[in-house]
Amino acid sequence: MDPSERLRQLVLRSASAHNVLPLTSACNARCTFCSHSLDYPGLDVQRLYPRDVELVRQALAFLSPERKVIIGESATRLIEGEPLTHPQFLEILRQVRQRLPETPIQVTTNGSLLTKHVAAQLRRLAPLSVSLSLNSHEPHVRRQLMRDAQAEVAVRAPRLLAEHGLPFEVSVVAVPGVVAAASAFQTIEYAGGHGARRAKVYVAGCSAAMFARNGWDASPGRWDALYDDLELGRLECSIPVTFQPPRLQSLAAEVAGVFPGSPADVAGVRPGDVITRVGSKGIKSRSHAHYLLGRSESVALEVLRGPQRLTALVTQDTDEPSGVVLDEDLSLIRLTALEARLRQAPGPLLVLTSLPAAALVQCAVARARTKAGVTVVPARSGLFGGTIACAGLLIVEDFVAAGQTACASTAEPFAAVLLPAEPFDEAGLDLLGRSYLEVCERLETPVTLL
Ligand code: SF4
């Protein structure tokens, strides 16, 4: 396909399917952990330049007023950079606000161009919140990590955002031996002290090439130890913290955090509680609890706290959501589709997953009590290697390798194979442009995307 047509499709799809408005792939930092450095030759990823501003304007028409508009994040195979480097950043935001007068906007930024003038202009575009990729509250550490020449500006950003009444959250990256959990939490507490509502810790997946380039230690035990420290740290943190990807072993809707002063906080919900019912509905996963909480006003939550079963009456309205923060597990659509496939399984089923999803899929399988045998196998990234584990970066070859190993160790052939849909675009092609149907041919088994 003509590259300019491909770019047009990706920009419009990003807006129409995800409510994400892409602005530019340019960035003023060069983070050691940046996923742009995964740019292997031949990958189907596209770059957007400020000169493509007309395309961005066309995409405005595809944004929905019903969902938050996100700027500065990537939802398709477009590389997203730092939105504030776009010369028409504020002008485009004003156009979004003009078209969607009441829709919340979220700007994700590394903060190094957040001046008083920009903050004041953003304030005028309320409701608008900022997701600040802070990474460190110490300029010299931030400079080292992000090679950011304006690290001081970014470190002052939490105070600036608070002064301008702009709601914000922060993100920090954690990498074993590079950014320890203790240092991540110092940054989070710094931001929390200036009013950050919540924090995300990105446990950076690093390719083999990134490890080699940066001289980092790739041994898997270090990743487990980092998660152990992060989980301990968040119990003591003053604001809710979630991890990307989370290290989850079950679908139980365990509360990761509660916004101070929120309806859930007032009702007595605490981090570590497991939500078992929302109103009259039994809860089957975190995403299920999240979905129901988003649709309820006053609602009774049944929670387990250790051996105790408690009820909390949460009174919320559209302006004040519940305040319950949950890690992300399997999306509700994915879980429901998986349950349906398990019920209808024509015979032994092979479910290929990403590494972080494997334990969760296994839980769903155990709960479904399907009569057909089900084998769950995580696929590993052969292309990127290292600790890259997210589903979106797996390719056909990874699924074929995992599937062939599973087929070789089973006596009865599989009747069907399930694959995660994330690695494939709307035409069913992976990052290298190969169709998921190739998995079907090479395993000689029908394949379905979930
Ligand atoms: S700020 Fe974001 S886009 Fe820019 S280099 Fe860092 S990780 Fe990459």
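Residues numbered from 1 in each chain as written. Predicted model: local features only at pLDDT ≥ 70, side-chain atom pairs only at ≥ 80, totals over all residues. Heavy atoms only, no water.

Colleague: Where do I start with unusual backbone geometry in this structure?
Modeller: Note that the residue after A126, namely P127, is joined by a cis bond; omega there is 0°. With respect to the helices, strands and loops of the structure, P127 is situated in the loop between α4 (116-123) and β6 (128-133). In this structure, P245 follows Q244 across a cis peptide bond, with omega equal to -10°. Tracing the backbone through its elements, the reader meets P245 in the loop between β9 (241-244) and β10 (253-258). The backbone of N135 shows a phi angle near 65°, a positive value even though the residue is not glycine. On the secondary structure map, N135 appears in the loop between β6 and α5 (139-146). Residue classification places N135 among the buried residues on the basis of a relative accessible area of 3%. (Helix = DSSP H or I, 4+ residues; strand = E, 2+ residues; numbered from the N terminus. Buried < 20%, exposed > 50% of the residue type's maximum accessible area, 1.4 Å probe, protein only.)

Colleague: Teacher, can you tell me more about the pattern of salt bridges here?
Modeller: Two side chains that carry opposite charge are able to pair once their charged atoms sit near each other. One pass over the structure, following the stated rule, counts 28 salt bridges. Note that D44 is salt-bridged to R77, the shortest N-O span being 3.2 Å. In this pair, D44 is assigned in the loop between β1 (20-21) and β2 (46-47) and R77 in the loop between β3 (69-71) and β4 (78-79), connecting sequence segments 33 residues apart. Residues D44 and R77 agree in their burial class; the two are buried. As a salt-bridge pair, D148 and R142 come within 2.8 Å of each other at their nearest N and O atoms. Both residues of the pair, D148 and R142, belong to the buried class. (Salt bridge = Lys/Arg side-chain N within 4 Å of Asp/Glu carboxyl O.)

Colleague: In this structure, what is going on with the side chain of T242? I would like to understand it.
Modeller: Mapped onto the elements of the fold, T242 is located in strand β9. With relative accessibility at 4%, the residue T242 sits in the buried group. Residues within four places of T242 in sequence aside, it is in contact with R198, A199, K200, V201, R234, A256, V325, L326 and D327. (Contact = heavy atoms within 4.5 Å.)

Colleague: Is there a simple way to think about the sheet that holds strand β19 (residues 447-449) in this case?
Modeller: Backbone hydrogen bonds are what pair the strands of a sheet, in a parallel or an antiparallel way. Taken together, the four strands give an open sheet; going across it, the order is β17-β16-β18-β19, and neighbouring strands pair in parallel fashion. Strands at the two margins of the open sheet, each flanked by one partner only, are β17 (374-378) and β19. Each strand of the sheet is rotated relative to its neighbour by a mean of 20°, with strand direction disregarded. Of the pairings in the sheet, the one linking strand β18 (residues 416-419) to β19 comprises three bridges and is parallel in character. For L418, the partnering residue across the bridge sits in β19 and is T448. Lying over the sheet, helix α13 (residues 355-368) contacts β16 (349-353) and β17, oriented at roughly 165° with respect to β17. (Pairing = 2+ DSSP bridges. Axes fitted to C-alpha atoms, helices over the stretch in contact; angles between N-to-C directions.)

Colleague: Looking at this model, I keep getting lost on the sheet that holds β6. Mind explaining?
Modeller: Pairing within the open sheet is parallel, and its seven strands lie in the order β1-β3-β5-β6-β7-β8-β9. Pairing within the sheet leaves two strands with one partner each, and these edge strands are β1 and β9.

Colleague: Please explain the packing of helix α7 (residues 181-193) against helix α9 (residues 220-236) as it appears in this structure.
Modeller: If you want to describe how two helices pack, look at the angle between their axes and the distance between the axes. Packing of α7 against α9 leaves a shortest axis separation of 9 Å and a crossing angle of 30°. Classified by the interaxial angle, the pair formed by α7 and α9 is roughly parallel. Two packed elements cross with a definite hand, and for α7 against α9 that hand is right-handed. Residues A181, F185 and E189 of α7 form the contact with α9, whose own contacting residues are L226, D229, L230, G233, R234 and E236. Class assignment of the residues belonging to the contact of α7 with α9 gives a composition of four nonpolar, one polar and four charged. (Parallel < 35°, antiparallel > 145°, perpendicular 65-115°, else oblique. Left-handed = near helix turned anticlockwise from the far one by under 90°. Nonpolar A, V, L, I, M, F, W, Y, C, P; charged D, E, K, R; others polar.)

Colleague: What exactly am I supposed to notice about the site of the ligand here?
Modeller: Taken together, C27, A29, C31, C34, H36, E80 and N110 are the residues near the ligand. Grouping the constituent residues of the shell around the ligand by class yields four nonpolar, two polar and one charged. (Near = heavy atom within 4 Å.)

Colleague: It is not clear to me how the pairing of strand β5 (residues 105-109) should be interpreted in this structure. Could you clarify?
Modeller: Regular strands show a simple pattern: their side chains alternate between the two faces of the sheet. Across the five residues that make up β5, a large majority, five, are buried. Sheet analysis places β3 next to β5, joined by three bridges and oriented parallel. Note on β5: the bridge partner recorded for I71 is V107. Here β5 runs beside β6; their pairing, made up of five bridges, is parallel. Counted as the bridge partner of I105 is L128 from β6.

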